[in-house]
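# Understanding the architecture of this molecule
Chain by chain, the residues run as shown.
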Amino acid sequence: MKERLTLMMCFKPHIFIKGKRYFEVNDIKYVGFILVSWRVHRVLGKLLCSFHSNEIDRLIDCPRGCRSLESHDSSRYDVDTLERLVILIKRKYGDEGLCYFVLHHYLDRLVDILASLISNYYESYALGYSASKMSFEEIYEHIRTEAFESLQIDPKNILTLLVYDLTSVLNALYWMYGGKRKRRQRRHFEEVLEKAYARISSNSNLQQLRNIVLEVLRNIRDNIDCVIYATLIDEGFKSKGTLNKIAAVLQVKVAKYRYYARMRGSYYDELANKLLDEENIIRFIGGIVEASHNRCNLLSR
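Residues numbered from 1 in each chain as written. Predicted model: local features only at pLDDT ≥ 70, side-chain atom pairs only at ≥ 80, totals over all residues. Heavy atoms only, no water.

## Some words on the overall build of the protein chain
Counting secondary structure elements, the protein chain contains 13 helices and zero strands. If you list the helices and strands of the protein chain from N to C, you get α-α-α-α-α-α-α-α-α-α-α-α-α. When burial is assessed residue by residue, the protein chain has 51% of its 301 residues classed as buried. The contacts of the protein chain with a sequence gap of at least 6 include a subset with a gap of at least 24, amounting to 75%. Carbon and sulfur atoms form 50% of the exposed surface of the protein chain, whose accessible area is close to 14,900 Å². (Helix = DSSP H or I, 4+ residues; strand = E, 2+ residues; numbered from the N terminus. Buried < 20%, exposed > 50% of the residue type's maximum accessible area, 1.4 Å probe, protein only. Contact = heavy atoms within 4.5 Å. Areas by Shrake-Rupley, 256 points an atom, 1.4 Å probe, with all protein chains shown as cover.)

Following this line, the structure appears as C-alpha cells:
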C-alpha cells in the first residue's frame, strides 16, 4: 500500500480542483493520436508490473520511427507485428517486459474509452438528463465500472482474443459499430479480428500471453481508481492527453447540434451552447477527477 501511495503522490491533484482551470474551452486543438505519456506508462508500469522500459514504449509507439504515426500501436491490431514484438520482448525482458507491453496497450485504449464515457455523461449532465440528477461520485462510479467492462472485452484490441472467444468479441464489435453507416468500419475490424484469432489459436508464442493479459486485467481492476486518476491528469503532452481528447469529443457533439440547428431550428443551438458552458465543463470534469483522486487515496490506505 505504501508503494502505491508513493507512486501516486508524484501526480499532484490540482487539475480543476478549487476552481483552477486546466484548459480553455475555446483553445482546444484536436490531435489525431492522443495517447498516454511515457511518464504515466512508467509510473503505472512500476505499480502494476513492477517494471518499466522506454524501449518497449518506443517499440509500441514508434515501430517505424517516432517521426511517423502510421504504425503507432500497430501491435494492438496487426497480429504479425504483435508476434514479432512478443518474441523480441520475451527474449530481452522476459515476462516482466511482456506485462509492461500488454499494460501499455490497455492504457492507450483507456484514453479513448474514458473520453467517450466522460463526454457522454457530461452531455447528459449539461442537458439536464439522467446524469444531472446524480452526484459526481455516483457518475464516477458508473464511469469506472463501464470503463473496465469496455477495456476487458475491447474489439479494437486483438489482445482481447486471448481472453474471449471470437464470437463474443465480434458481438462487442457489432454493438460498437451497429447500423448501415458503420458497415465499412465494422467489416474492417471483422477481418482484423478473424485473422488475429486464427493466428493466436495456433501460435505458442502468442498463447503464452494469455496468463499475462489476465494478470494485467486483474491488476487494472484492483487499482482502477489510481489508473483512471493518473490517466486523467496526465500532463506529459502539450495536448494535455485525456482531457484534451474529452474536449475534442465534446466539440464533435457541439458540431452535431449546430448541424441540427440549421435543419431543425434554434432549439439545437441552445443545446450546443449548454454543452459549451465553460463553468459547467470545469465543474463536471473537476468533479470526476476529484472523485477518482479520492477513491485512489482510499486504495492507498
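## A closer look at the environment of isoleucine 60
Turning to its location among the elements, isoleucine 60 is positioned in helix α3 (residues 54-61). In the structure, isoleucine 60 is positioned twelve residues away from histidine 72 in sequence and 6.7 Å away in space, judged by C-alpha atoms.

## Remarks on helix α13 (residues 278-299)
With 22 residues, α13 ought to run about 32 Å at 1.5 Å a step, and its terminal C-alpha atoms sit 32 Å apart, in line with that. Its side-chain oxygen placed 3.1 Å from the backbone nitrogen of glutamate 279, aspartate 277 serves as the N-cap of α13. (Expected span 1.5 Å × (residues − 1). Polar contact = N/O pair within 3.5 Å; in protein donor to acceptor, adjacent residues only side chain to side chain.)

## As for the confidence of the model for the protein chain
A residue-level look at the protein chain finds 82% of positions with pLDDT of 70 or above and a mean pLDDT of 85. The model gives residues 1-34 a pLDDT under 50, and that stretch makes 79 contacts with residues more than four places away or in other chains. Within the model, the stretch residues 66-70 combines pLDDT values under 50 with four contacts to residues more than four positions away or in other chains. (pLDDT = per-residue confidence, 0-100.)

## Observations regarding the side chain of histidine 104
Inspection of the secondary structure assignment puts histidine 104 in helix α4 (residues 79-126). Among the polar contacts made by the side chain of histidine 104, one reaches the side chain of histidine 41 at a distance of 3.5 Å. Look past the residues within four positions of histidine 104 in its chain and what remains in contact with it is Trp38, His41, Asp57, Ile60, Asp61 and Asp73.

## What about the packing of helix α6 (residues 166-176) against helix α7 (residues 183-202)?
Packing of α6 against α7 brings their axes to within 11 Å, and their N-to-C directions diverge by 165 degrees. Taken together, the axes of α6 and α7 lie roughly antiparallel to each other. In terms of crossing hand, the pair formed by α6 and α7 is right-handed. Here Leu166, Val169, Leu170, Leu173 and Tyr174 of α6 lie close against α7, whose contacting residues are Arg186, Phe189, Glu190, Leu193, Glu194 and Tyr197. Of the residues contributing to the contact of α6 with α7, the split by class is eight nonpolar, no polar and three charged. (Axes fitted to C-alpha atoms, helices over the stretch in contact; angles between N-to-C directions. Parallel < 35°, antiparallel > 145°, perpendicular 65-115°, else oblique. Left-handed = near helix turned anticlockwise from the far one by under 90°. Nonpolar A, V, L, I, M, F, W, Y, C, P; charged D, E, K, R; others polar.)

## Regarding the packing of α4 against helix α9 (residues 210-222)
Each pair of packed helices can be described by the angle between their axes along with the distance between the axes. One can describe the packing of α4 onto α9 by two numbers: an axis separation of 9 Å at closest approach and a directional angle of 60 degrees. Taken together, α4 and α9 sit at an angle that is classed as oblique. At the point where α4 passes α9, the crossing takes the right-handed sense. Packed against α4, whose contacting residues are Asp95, Leu98, Cys99, Val102, Leu103 and Tyr106, the element α9 presents Ile212, Val213, Val216, Leu217 and Ile220 at the interface. Split by residue class, the contact of α4 with α9 holds ten nonpolar, no polar and one charged.

## Concerning helix α10 (residues 224-232)
Counting buried residues in α10 gives nine out of nine residues, a clear majority hidden from the surface. Taken together, the buried positions of α10 are Ile224, Asp225, Cys226, Val227, Ile228, Tyr229, Ala230, Thr231 and Leu232.

## Structural notes on the pattern of salt bridges
In this structure the tally under the stated criterion is 18 salt bridges. Across the pair arginine 109 and aspartate 154 runs a salt bridge, and its minimum N-O distance is 2.5 Å. Of the two residues, arginine 109 sits in helix α4 while aspartate 154 sits in the loop between α5 (136-152) and α6, which places them 45 residues apart along the sequence. Both residues of the pair, arginine 109 and aspartate 154, belong to the buried class. A salt bridge links glutamate 141 to arginine 295, with the nearest nitrogen and oxygen atoms 2.8 Å apart. Of the two residues, glutamate 141 is situated in helix α5 and arginine 295 in helix α13; the sequence distance between them amounts to 154 residues. Its relative accessible area of 27% is what places arginine 295 among the partly exposed residues. Because the salt bridges share partners, they merge into one network encompassing Asp80, Glu83, Lys195 and Arg199. (Salt bridge = Lys/Arg side-chain N within 4 Å of Asp/Glu carboxyl O.)

## With respect to the nonpolar core
Phe101, Val102, Tyr106, Ile118, Leu209, Ile220 and Phe284 are the most contacted members of the largest nonpolar core, which totals 84 residues. In this structure phenylalanine 284 touches Ile118, Tyr121, Tyr122, Tyr125, Phe136 and Ile139, once residues within four positions along its chain are discounted. (Core = buried A, V, L, I, M, F, W, Y, C linked by side-chain atoms within 4.5 Å.)

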